[in-house]
Amino acid sequence: MSAQTTSLKITGMSCAGCVGRVERALLAVPGVAEASVNFATKTAQVHHDSPVAALTQAAAGAGYPAEVSETTLTVEGLSCASCVGRVERALNAAPGVVEAQVNLATRTARVSYVTGSTDPAALAAVSTAAGYAARPEGGAEDGGEEPSDEAAILKRQTLLAILLALPVFLIEMGGHMIPALHHWIMATIGQQTSYLIQFALTTVLLFGPGRVFYAKGFPALLRGAPDMNALVALGTGAAYGFSLVATFAPGLLPAGTANVYYEAAAVIVALILLGRWLEARARGRTGAAIEALVGLQPRHARIERNGQPVEVEIADIQPGDTLLIRPGDRIPADARVLDGQSHVDESMITGEPVPVTKSAGDTLVGGTVNGAGALRARAEKVGADTVLAQIIRMVEQAQGAKLPIQSVVDRITLWFVPIVMGVAALTVLVWLAFGPSPALGHALVAGVAVLIIACPCAMGLATPTSIMVGTGRAAELGVLFRKGDALQRLQEARVIAFDKTGTLTLGRPELTDLTTADGFERDSVLRLAAAVEAQSEHPIAEAITRAAEGDLLAAEAFESLTGLGARARVAGQDVLIGADRLFDREGIALGPLRETGAALAAEGKTPLYAAIDGRAAAVLAVSDPVKPGTAEAIERFHRMGLSVAMITGDNTRTAQALAAKLGIDAVTAEVMPEGKVAALDALRADHGALAFVGDGINDAPALAHADTGIAVGTGTDVAIEAADVVLMSGDLRGVANALEVSRATMRNIRQNLGWAFGYNVLLIPVAAGVLYPFGGPMLSPVLAAGAMALSSVFVVTNALRLRRVRAALPATRQAAAPAPAAAPAPAE
């Protein structure tokens, strides 16, 4: 690339030493001639001929990342994979651009650029200069039609084209297929008049509905960047031009070659327009998941202004406004209840079908549905900051992503159209040199057929349409692919590694067992023990307190025995609760309770003992219960041919007991967060690609280090930000669903690419006429146009099958998308 100067906004600099480190890092990048960092303005001026991405990576690697912005452009005129490559190359070559990705299915370009070096309007101008008019998404219209109108416009153009092409086809081809019709035409209107009628109808068609091919194709050809439109323009233009000469100056042609091909030009345009219309209709259905999510947003809300209820647009809600939520209303923003009580259906976020009770102090998520009660709530997050808006944004980003497999397609299609034009030219020359009489007619038919059948529409649509439908279906199943390439990497995983606390388990201890000694009643012992533990803040104490329903008894003379337990006087009785060593110290015999406690400890549970008035009364066991569906999910992973591992900071005995219970293949216990990263490396060396599932802050390094990081949606924001995939809720059956969608989508992409490339490899030689010398047919340009149009429709329709992907392990009910964290999960 040519030398340029780029200005980077550098973050994180705090002293002159930082300046030196940034300059050294930038100067170390190959192609950088000069780098000057200004500490006062926090900017770096770099003179370079290297990619801008290399500069930003170098700055980030030194610990001072450059500030990068992102914009999405709506791009018009994209019709094939070649167009995508040209727009991407133009944008990537623009000053300040870090990366540009163009998506044929969505007709958009997502551009990352160094903040301050350019802006969305300038980037749109770059695309427009390359021949593809663009505008920043959400910007003012510049004459192009809205995507939602595309199918309707194509429908009108297609119907008019068919209306004009049908008489031409009947006059010319009907006469060839039905001799009586040919004789009738010759006897009534004559051959020349039939040519003139075909000329008139074809001219209106080509310069009416078919005008788009010439308006875009010929300029692309003149720029030396031919695309699909250029192929169609060349093919139909050649057929139409030859027919004009045959109609009005037949003497210029060799004897016997003055035939017309108006029907080929007319029907080709009509069929390609029909294919584009069907493709646009099908492509419109690929965004159904986004439409469903957007449909969850209410348009109006009732708020309290000056003590009076006022109905406003959603966009007018401000943080701090008091929302008045009536029974049955969809909640307009993320809020906190001020007063009132109701049940709210949060299934779109959590996947749980049972409505959640809400009262003063509870949080509400925008888009969820209020039940029978009325609520007053204070708006906390509105507009783009709400959970639902974030979900929509992340699904859109995933749908617009480019998978690694697409880079192979891009490299091929970069040269595809020029090669096809060369093949078409060679075909014409071979037929002229060696073809039977009339050689010119055969050469024209074969050359036009090659140009038409080789349009790379299907190649360009093969990957992005599958991604759109696959990630949308994943969202409906409660799985959000935050990073598009995770869709490809996840299906490559050979081992699934899990954090324990908060991921495999609920993340908080619960009372699971209570066995009493002779002469004591369970409920009575539990109430006395809970009264003592209510004075403690230890998680185990909280578990016992939660297990005792109803009002707690009052405890007096409470004493905490550090590392051992606690004692207090409750209802006139002395109550002691703690570990077995506390009872040994106090000289209280545990009797049979000691064996029961040892058995519970062997199961990975934590045993505690209670004594009342100096007598051993009961053994209680507390553990972190396994989440519902976890065992089912692990069994499913094994059936998928995957190994399952657990990496935890918990003690080895507890971890081994849980692994034995769930059928986990490998366990690494008692590790710090950095130890989890090392454990992942060991697993990767033994098994290959891996995915890690976690929820806590301490899981963030492992989530980022894994080939695919999967965050539990009930976990922390830090974990979710570090992950590639986010689950709707804490149900690990969602991991199985993520794997199922990933595998189905990649299988679908391979089918589409196999069809797109196989179709061209097989039919281009047929169109060129290689079968003719062996008694085979020549491929009519009309049939070539029909096959090309159907190829694109096949690819999009095949991608739409992903909408029917079933959950590998359906939970009680799947939701539209996952939720970001509600509260931090306990760290191990």
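These remarks concern the structure in this document. (Residues numbered from 1 in each chain as written. Predicted model: local features only at pLDDT ≥ 70, side-chain atom pairs only at ≥ 80, totals over all residues. Heavy atoms only, no water.)

## What about the overall build of the chain?
Tallying secondary structure elements over the chain gives 29 helices and 29 strands in all. Burial analysis of the chain (828 residues in total) assigns 52% to the buried set. Within the chain, contacts between residues separated by at least 24 positions form 69% of all contacts whose residues are at least 6 apart in sequence. A total of about 34800 Å² of accessible surface is found on the chain, and carbon and sulfur atoms cover 57% of it. (Helix = DSSP H or I, 4+ residues; strand = E, 2+ residues; numbered from the N terminus. Buried < 20%, exposed > 50% of the residue type's maximum accessible area, 1.4 Å probe, protein only. Contact = heavy atoms within 4.5 Å. Areas by Shrake-Rupley, 256 points an atom, 1.4 Å probe, with all protein chains shown as cover.)

## So, the packing of helix α9 (residues 228-248) against helix α15 (residues 439-453)
The geometry of α9 relative to α15 is characterised by a closest axis approach of 8 Å and an angle of 160° between their N-to-C directions. Of the possible angle classes, the one that applies to α9 and α15 is roughly antiparallel. By crossing handedness, the relation of α9 to α15 is classed as left-handed. Along its contact with α9, which presents Leu231, Val232, Leu234, Gly235, Ala238, Ala239 and Phe242, the element α15 presents Leu440, Leu444, Val448, Leu451 and Ile452. (Axes fitted to C-alpha atoms, helices over the stretch in contact; angles between N-to-C directions. Parallel < 35°, antiparallel > 145°, perpendicular 65-115°, else oblique. Left-handed = near helix turned anticlockwise from the far one by under 90°.)

## Looking at a nonpolar patch on the surface
A contiguous nonpolar patch, built from Leu426, Val430 and Phe434 and spanning about 350 Å² of accessible area, is present on the exposed surface. Mapped onto the elements of the fold, valine 430 is located in helix α14 (residues 404-434). Taking relative accessible area as the criterion, valine 430 reaches 40% and is therefore assigned partly exposed. (Patch = residues over 30% accessible without salt bridge, like charges linked within 9 Å, V, L, I, M, F, W, Y side chains within 5 Å. Salt bridge = Lys/Arg side-chain N within 4 Å of Asp/Glu carboxyl O.)

## Structural notes on the sheet that holds strand β4 (residues 68-75)
Pairing is antiparallel in the open sheet, where four strands are placed in the order β5-β6-β4-β7. Edge positions in the open sheet fall to β5 (97-103) and β7 (134-136), since each of these has one partner strand only. Shown here is a sheet whose adjacent strand axes are inclined to one another by a mean of 25°, direction ignored. Against the sheet, helix α2 (residues 52-61) contacts β4, β5 and β6 (108-114), and its axis sits at roughly 120° relative to β5. (Pairing = 2+ DSSP bridges.)

## Brief notes about the pairing of strand β11 (residues 334-340)
As judged from the six bridges shared by β11 and strand β16 (residues 375-381), these two strands associate in the antiparallel manner. Within β16, the residue paired with aspartate 334 across the bridge is lysine 381. Note that β11 and strand β14 (residues 363-364) share two bridges and pair antiparallel. By the bridge assignment, alanine 335 is partnered in β14 with leucine 364.

## What to know about the sheet that holds strand β15 (residues 369-370)
Spatial ordering of the open sheet is given by β13-β12-β15, a layout of three strands whose pairing is antiparallel. Looking at the sheet topology across the chains shown, the edges are occupied by β13 (356-358) and β15. Bridging between strand β12 (residues 342-345) and β13 involves three bridges; their strand directions are antiparallel. Bridge assignment links histidine 343 to a residue of β13, and that residue is threonine 357.

## Concerning helix α8 (residues 211-222)
With 12 residues, α8 extends 17 Å between its outermost C-alpha atoms, agreeing within 8% with the 16 Å of an ideal straight helix rising 1.5 Å per residue. Those residues of α8 that sit buried are Phe213, Tyr214, Gly217 and Ala220. Projected down its long axis, α8 shows its buried positions confined to an angular sector of 150°, all on one face. Away from its buried face by more than 90 degrees, α8 exposes Arg211 and Leu222. (Expected span 1.5 Å × (residues − 1). Arc of directions from axis to C-beta.)

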